[in-house]
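Given next are the chains, with one letter for each unit.
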2 protein chains.
Amino acid sequence: MKMSDRKRKILQIVVDEYINTAVPVSSKSIAEKHLTDVSSATVRNELASLEELGYLTQFHTSGGRVPSPQAYRFYIEELMEKGDLSEQDLDYIERSFSGKSNDVEHLVRSVSKVISELTDYTSVGIGPHADEERIRNIALLACGEGRALLVIVTGERILRDSFIEIPDGMTNEELENASRVIAKLFEGKALSEVKDVEEEVLSEFGQYRQVMHEVIDALKSYTRPRDEDVVLTGAEKIFNHPEYDDIENVKNFLTVISSKDKLAEIIGDENDEIQINVKIGSCDDAEVPEDCSVVTATYSAGGKNLGTYGVIGPIRMDYHKVITVLENVGKALEGIIGNKQNDKNEKKDKKDE
Amino acid sequence: MKMSDRKRKILQIVVDEYINTAVPVSSKSIAEKHLTDVSSATVRNELASLEELGYLTQFHTSGGRVPSPQAYRFYIEELMEKGDLSEQDLDYIERSFSGKSNDVEHLVRSVSKVISELTDYTSVGIGPHADEERIRNIALLACGEGRALLVIVTGERILRDSFIEIPDGMTNEELENASRVIAKLFEGKALSEVKDVEEEVLSEFGQYRQVMHEVIDALKSYTRPRDEDVVLTGAEKIFNHPEYDDIENVKNFLTVISSKDKLAEIIGDENDEIQINVKIGSCDDAEVPEDCSVVTATYSAGGKNLGTYGVIGPIRMDYHKVITVLENVGKALEGIIGNKQNDKNEKKDKKDE
DNA sequence: GTTAGCACTCTCATTCATCAAGTGCTAACG
DNA sequence: CGTTAGCACTTGATGAATGAGAGTGCTAAC
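Residues numbered from 1 in each chain as written. Chains lettered and ligands numbered in written order. Predicted model: local features only at pLDDT ≥ 70, side-chain atom pairs only at ≥ 80, totals over all residues. Heavy atoms only, no water.

Draft legend 1. View of the sheet that holds strand S10 (residues 304-314) of chain A. Residues and elements named next belong to chain A. One open sheet holds the 5 strands; their spatial order is S7-S3-S10-S9-S8, and the pairing between them is antiparallel. If you trace the sheet from one side to the other, it starts and ends with strand S7 (230-233) and strand S8 (276-280), each paired once. Shown here is a sheet whose adjacent strand axes are inclined to one another by a mean of 20°, direction ignored. The pairing of strand S9 (residues 292-301) with S10 spans 10 bridges and is classified as antiparallel. Within S10, the position partnered with cysteine 292 by the bridge is proline 314. (Pairing = 2+ DSSP bridges. Helix = DSSP H or I, 4+ residues; strand = E, 2+ residues; numbered from the N terminus. Axes fitted to C-alpha atoms, helices over the stretch in contact; angles between N-to-C directions.)

Quick look at the structure:
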């Protein structure tokens with residue numbers, strides 16, 4: 001059965017209406033409010049047909065219709081009316097990123113916060129994978145008996161750090177030397193390349209082989225995302241949506257978002273080629289819990305990855321708003337990070353003259 | 001009216017029973033299960049009297065009695081039966097801390113996790129205040145155009161970090177020099193002392209006054225606790241307790257724990273002299289939400305503060321279990337940290353010989 | 001001081017009737 | 001053949017009535 005224009009129109013009305021009101025929509029309301037040229041009986045026929053096509057379901061015979069996941073997908077791809085954010089929202093984005101925030105952790109937090117505030121959904125963010133970042137500087141700093149702090153700075157203004165046990169009797173000078181040697185060895189390398197040079201590097205080190213071993217282990221550990229990299233904002237926002245008047249749903253939701261691991265899986269597992277990605281529970285992705293939708297975007301600016309962000313919420317989600325917010329945040333980030341880089345390049349150019 | 005022994009006994013039974021079952025307890029059940037030598041009518045008289053004294057309340061006339069906040073407090077201070085954790089739980093604590101974990105952030109996380117797992121309540125932890133920690137090492141590391149990473153290592157194996165803008169044209173060598181000078185200036189100082197020497201230090205710096213200014217600002221900022229310092233574990237645990245079958249309570253709870261600021265206030269605001277602190281909502285502390293109890297402990301080992309940890313949950317909380325867990329975690333930490341320090345001192349002593 | 005007995009109160013689950021909403025179907029219409 | 005009016009049917013939601021069960025408070029007797 002083909003999808004007539006009228007069917008499309010009606011489907012769009014149903015989805016729009018349901019997203020706005022959370023109430024199953026009836027043939028009568030459609031005929032009265034949106035399709036005044038036909039009767040409710042006609043609409044009823046169309047609805048029955050859309051139901052047969054798998055786009056609509058009803059909880060019970062006298063309860064109006066509700067979009068199926070398939071309908072949401074179709075809606076997002078073909079039906080949704082485009083339209084930008086309000087001036088107010090755009091302003092808010094602008095103001096939020098114009099400020100200081102000079103390292104990735106803060107950036108991740110503020111991006112996540114902005115998304116949550118504007119969409120009114122719970123937002124998740126995960127910073128950029130460190131895998132492909134190149135090491136800019138690396139140092140071992142003395143910090144009391146038997147221990148040194150390993151600091152790694154990468155091109156992406158990311159830094160990670162951890163403690164390394166050092167042998168007794170290693171002096172501060174020796175440590176500084178080791179630090180310098182290590183810096184030389186790894187500068188310019190991507191974290192993902194560390195394992196390739198592992199053998200080679202270790203063989204060069206006699207005396208402090210053990211220290212080197214720890215350094216390499218630490219470096220390798222940074223290629224895996226850690227709990228701390230996943231930020232969650234606005235968990236309480238779910239109570240603004242009536243599906244979470246039901247305790248079971250809240251329980252489900254809270255259990256999922258309590259595990260940073262699970263969140264990372266849900267968020268992180270997206271296709272790089274698609275800028276904005278929508279996963280609808282029980283339909284697109286096993287990780288996403290039933291009754292939940294997850295919309296994510298992976299940002300980059302100046303060719304650099306800035307992490308993946310998104311919202312998690314009920315399937316009846318305001319996809320238009322969410323997607324528009326994600327798009328605009330992306331643009332804003334690109335603008336800001338882009339400009340900063342340009343500034344820098346200009347300065348550099350000036351210097352080079 | 002004085003509190004007879006029998007009243008105490010009955011009150012203890014009511015609180016114990018209610019904590020275990022979450023069901024208001026009746027005179028009949030007390031007489032049958034615990035006080036077989038008297039009749040329910042006698043118990044009833046005692047209950048009425050305890051109610052008059054403010055220890056018990058009832059939701060409705062035929063609903064049995066429930067302890068008041070005042071009763072819980074009395075229970076904790078005088079009635080609660082002492083008794084240690086099971087072998088199994090002690091083992092779990094042992095195993096959890098015997099491992100690697102070599103910096104504060106990991107420690108905070110694992111302590112919080114252990115507490116949440118063993119008590120079955122949501123746990124909050126906040127790392128030690130940096131105020132009084134002495135700076136061990138401080139360094140500025142180059143990391144791309146116009147920016148340097150400020151790394152601070154304190155005696156408490158804590159480290160904090162942030163980025164500093166540096167002037168154009170400052171070379172790596174200059175940076176290393178500045179780094180060394182700064183390290184000399186601040187080594188051994190407590191973070192809380194930084195503001196005292198601010199003027200003096202700034203006046204010594206001509207050329208790189210601006211850099212120094214940023215360094216000092218950063219140092220000062222570490223005396224305030226940051227969102228990242230507050231960790232939350234086991235939020236989903238509340239669903240194991242029937243008071244959170246009610247959506248309103250969940251909403252309340254989730255809203256509170258979503259704000260790290262609020263959490264920090266609730267947790268952090270305790271009296272240093274008391275090792276274990278119990279706050280019962282709407283009775284002890286304005287910060288603690290109505291219907292919630294918060295039990296916290298501030299740990300230290302070898303004279304050093306290790307942070308404040310606790311659980312947040314319903315007023316009908318298993319105080320005995322919670323307090324015992326907190327005590328044992330404290331002991332375990334003291335044991336481990338203490339030993340490590342001893343090891344080190346021994347090594348040092350040997351070297352000195 | 002303790003107890004048995006009983007009336008009283010309140011909750012909870014069940015039943016029943018009613019109402020409103022919305023559909024599906026059928027028959028009629030243009 | 002698409003559209004429509006009309007109507008029977010289904011279902012959930014609401015509220016009143018009811019009875020059972022639990023627990024208390026009070027009184028009078030021990």
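Draft legend 2. Representation of the environment of leucine 47 of chain A within the structure. Residue and element names in this part refer to chain A. Locating leucine 47 in the fold gives a position in helix H3 (residues 40-52). Look at leucine 47 and you get buried, because its relative accessible area is 1%. C-alpha of leucine 47 to C-alpha of arginine 65: the two residues are 18 residues apart in sequence and 7.9 Å apart in space. Ignoring anything within four residues of it in the chain, the contact list for leucine 47 reads Ile10, Val14, Ser27, Ile30, Leu56 and Arg65. (Buried < 20%, exposed > 50% of the residue type's maximum accessible area, 1.4 Å probe, protein only. Contact = heavy atoms within 4.5 Å.)

Draft legend 3. Layout of the protein's contact with DNA strand C. Taken together, 20 residues lie around DNA strand C, and Ser27 and Arg65 of chain A together with Arg6, Ser39 and Thr42 of chain B are the ones closest in. Sugar and phosphate atoms constitute 76% of the interface atoms of DNA strand C, taking the interface as everything within 4 Å of the protein. Between DNA strand C and arginine 6 of chain B there is a distance of 2.9 Å, counted from a phosphate oxygen to a side-chain nitrogen or oxygen. Note that a base oxygen of DNA strand C is positioned 3.0 Å from one of the side-chain N or O atoms of serine 62 of chain B. For the surface near DNA strand C, the per-class residue count stands at 3 nonpolar, 12 polar and 5 charged. (Near = heavy atom within 4 Å. Polar contact = N/O pair within 3.5 Å; in protein donor to acceptor, adjacent residues only side chain to side chain. Nonpolar A, V, L, I, M, F, W, Y, C, P; charged D, E, K, R; others polar.)

Draft legend 4. View of helix H11 (residues 260-268) of chain B. All names here are of chain B. Of the positions making up H11, those classed as buried are Leu263, Ala264, Ile266 and Ile267. Buried residues of H11 fall within an arc of 165° about the axis and therefore sit on the same side. On its buried side, H11 packs onto strand S3 (122-126), strand S7 (230-233), helix H10 (247-258), strand S8 (276-280), strand S9 (292-301) and strand S10 (304-314). (Arc of directions from axis to C-beta.)

Draft legend 5. Looking closely at the pattern of salt bridges. All names here are of chain A. The tally for this structure, following the rule as stated, stands at 24 salt bridges over all chains. Ionic pairing is found between glutamate 176 and arginine 180, a salt bridge with its closest N-O pair at 3.5 Å. In this pair, glutamate 176 and arginine 180 both sit in helix H7 (residues 172-186), 4 residues apart, roughly one turn of the helix. Judged by its relative accessible area of 43%, glutamate 176 falls in the partly exposed class. For arginine 180, a relative accessible area of 45% translates into the label partly exposed. (Salt bridge = Lys/Arg side-chain N within 4 Å of Asp/Glu carboxyl O.)

Draft legend 6. Spatial organisation of the pairing of strand S3 (residues 122-126) of chain A. All names here are of chain A. In terms of burial, S3 is largely enclosed, as 5 of its 5 residues are buried. Of the strand pairs in this sheet, S3 and S10 are connected by 5 bridges, and their pairing is antiparallel. From the neighbouring strand, serine 123 faces S10, where its bridge partner is valine 311. Taken together, the 4 bridges between S3 and S7 define a ladder with antiparallel strand orientation. Residue valine 124 lies in a different strand from S7, and its bridge partner there is leucine 232.

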